[in-house]
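Structure assessment
The primary structure of each chain is shown beneath.
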Amino acid sequence: SYHVVEHVLDLKAVIADMARLVRPGGHLCVICPCGNPGSFEERVVSKVKGGIVTGTDGETRFYYEDPTHLRRLRSAQVFDLFARRRAHRVAAFYAHQCLGAFEWIAKSGRSFVNEMLGGRPHISAGGGLWLRAMQALLFTLAALCDVAAAEPGKKGSSFRRRALLSSLWPVRQIGHGVSRLLTSLARIEWRYRRHRENGSAQFLVFQRDPGALVPRGASDEQPRSRGPR
C-alpha cells in the first residue's frame, strides 16, 4: 500500500479490507507519511503558528501537505489499527529524518521551498531565524538542482535559453555535484538510521495472524477468529 492511507475517507474500513485480503500468515507493507516527533519536517511545523492542521474529523496533518492528505499518522496509531484486525508488526523502517528530507525538499523546487518555509507566522523570534536560515539554505540547494536538471539542448527550446544555460555550465556542474551529494547523503541516512522512528516517512510491514479470519464489517474491538487449519 503505497501512499494510500493518508488519502482515504474511512481509514478503519480500508484497513479492514487490507486485512481481509491478505491470507492468514501473509504479509502487508504500508508506506505513508509519518507524524512521529523529531524529524526535520516535524521541527519545521513546530515552529510555525498553525503548523499542525486539524480537519473536521479531528485528524491532523502538516500545513504544507497536499490538501488531499487527510491525515499524517504516527507509527503507534498504524500499529494499533492493524493489531485490531489481527495483523501485527514484524518490521518498521523510517526515512527522511533529516538528510533525506533535505534531498526531497530541494529537489521539489524553489517554489515549494518558499511555500514550506517562507512567509509563515512563527511562534518565536528564535524559531523565525531558524526558519529563514533553513529557507535560504534549501532555496540555494533547490536552485542548484534546478539548474543541473535543465537541458540546454532540449528540442523546442529557444536559442536564448540554450545560450543562457550554456553560459551557466560551471554552475550546472556544481548543481550536478550537489544533486549527487544530496542523494548519497540520503542513502547513507537510510542505511544507518532506517530503524530510528523520527522519520517523516514510514515503511511498516505486518503479518496477518495465521489463525485469524476478519470478515468484512467485523467490529474493530472484537474481531472474529477461527482456530488454525
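Attention here is on the structure that accompanies the text. Remember, it's a predicted structure, so these values are computed and weren't measured experimentally.

A closer look at the environment of Val8
Topologically, Val8 is positioned in the segment before α1 (11–21). Through-space distance from the C-alpha of Val8 to that of His69 is 8.4 Å; in sequence the pair is 61 residues apart. Every residue in contact with Val8, bar those within four places of it in the chain, is listed here: Val14, Leu70 and Arg71.

Some details on the nonpolar core
Formed by 25 residues in total, the largest nonpolar core has its most connected members in Phe40, Val44, Met116, Leu117 and Leu138. Mapped onto this core, the elements with two or more residues apiece are α2 (40–46), α4 (99–107), α5 (110–117), α6 (125–149) and α8 (169–193). Take this core: its biggest share by element is eight residues, from α6. Excluding anything up to four places from it in sequence, Leu138 contacts Phe40, Phe102, Ile105, Val113 and Leu117. Ranked by size, the runner-up nonpolar core spans 20 residues in total, among them Val8, Met18, Phe79 and Tyr94.

Description of the pattern of salt bridges
The final tally for this structure, using the stated rule, is seven salt bridges. One salt bridge connects Arg72 with Glu65, and the closest N-O pair in it is separated by 3.0 Å. With respect to class, Arg72 is no different from Glu65; both count as buried. Put simply, Asp146 and Arg110 hold a salt bridge, and the shortest N to O gap is 2.9 Å. Linking Asp146 in helix α6 with Arg110 in helix α5, this pair joins segments that are 36 residues apart in sequence. Overall, the relative accessible area of 27% leaves Asp146 in the partly exposed class. Arg110 sits in the partly exposed class, given a relative accessible area of 37%.

Notes on the sheet that holds strand β5 (residues 201–208)
Strand order in the open sheet formed by three strands is β1-β5-β4, and the pairing between neighbours is antiparallel. Single-partner strands in this sheet number two, and they are β1 (27–33) and β4 (87–95). The sheet shows a mean angle of 20° between the axes of neighbouring strands, direction not considered. Bridge analysis of β1 against β5 gives seven bridges, and the strand direction is antiparallel.

A word on unusual backbone geometry
Positive phi is not limited to glycine here, since Arg86 has a value of about 60°. Among the secondary structure elements, Arg86 is positioned in the loop between α3 (75–83) and β4. A positive phi angle, close to 65°, is found at His96, a residue other than glycine. Assignment of secondary structure puts His96 in the loop between β4 and α4. Residue classification places His96 among the partly exposed positions, given a relative accessible area of 23%.

Quick notes on the pairing of β5
Side-chain positions along a regular strand alternate between the two faces of the sheet. With six of eight residues buried, β5 lies mostly within the body of the structure. Relative to β5, β4 runs antiparallel, the two being bridged by eight bridges. Residue Ala92 lies in a different strand from β5, and its bridge partner there is Leu204.

A look at the packing of α6 against α8
Put simply, α6 and α8 touch, their axes get as near as 7 Å, and they point 115° apart. The orientation of α6 relative to α8 falls into the category roughly perpendicular. In this structure, α6 crosses over α8, and the sense of that crossing is left-handed. Seen from α6, the contacting residues are Leu141, Leu144, Cys145, Val147 and Ala148; seen from α8, they are Val171, Arg172, Ile174, Gly175, His176, Val178, Ser179 and Leu182. Residue composition of the contact of α6 with α8, grouped by class: nine nonpolar, three polar and one charged.

Thoughts on the packing of aromatic side chains
Overall, the coordinates contain ten aromatic pairs when judged by the stated rule. Arranged with centres 5.0 Å apart and planes meeting at 70°, the rings of Phe40 and Phe102 form a pair that is edge-to-face. A residue pair is termed long-range when its members are at least 10 positions apart, and Phe40 in helix α2 and Phe102 in helix α4 qualify at 62 residues. The class of Phe40 is buried, set by a relative accessible area of 3%. Seen in terms of ring centroids, Trp104 and Phe112 are 5.2 Å apart; in terms of plane orientation they differ by 65°. Their pairing is edge-to-face. Overall, the relative accessible area of 33% leaves Trp104 in the partly exposed class.

Rules used in this analysis
Residues numbered from 1 in each chain as written. Predicted model: local features only at pLDDT ≥ 70, side-chain atom pairs only at ≥ 80, totals over all residues. Heavy atoms only, no water. Helix = DSSP H or I, 4+ residues; strand = E, 2+ residues; numbered from the N terminus. Contact = heavy atoms within 4.5 Å. Core = buried A, V, L, I, M, F, W, Y, C linked by side-chain atoms within 4.5 Å. Buried < 20%, exposed > 50% of the residue type's maximum accessible area, 1.4 Å probe, protein only. Salt bridge = Lys/Arg side-chain N within 4 Å of Asp/Glu carboxyl O. Pairing = 2+ DSSP bridges. Axes fitted to C-alpha atoms, helices over the stretch in contact; angles between N-to-C directions. Parallel < 35°, antiparallel > 145°, perpendicular 65-115°, else oblique. Left-handed = near helix turned anticlockwise from the far one by under 90°. Nonpolar A, V, L, I, M, F, W, Y, C, P; charged D, E, K, R; others polar. Phe/Tyr/Trp six-rings, centres within 6.5 Å; stacked < 30°, edge-to-face > 60°.

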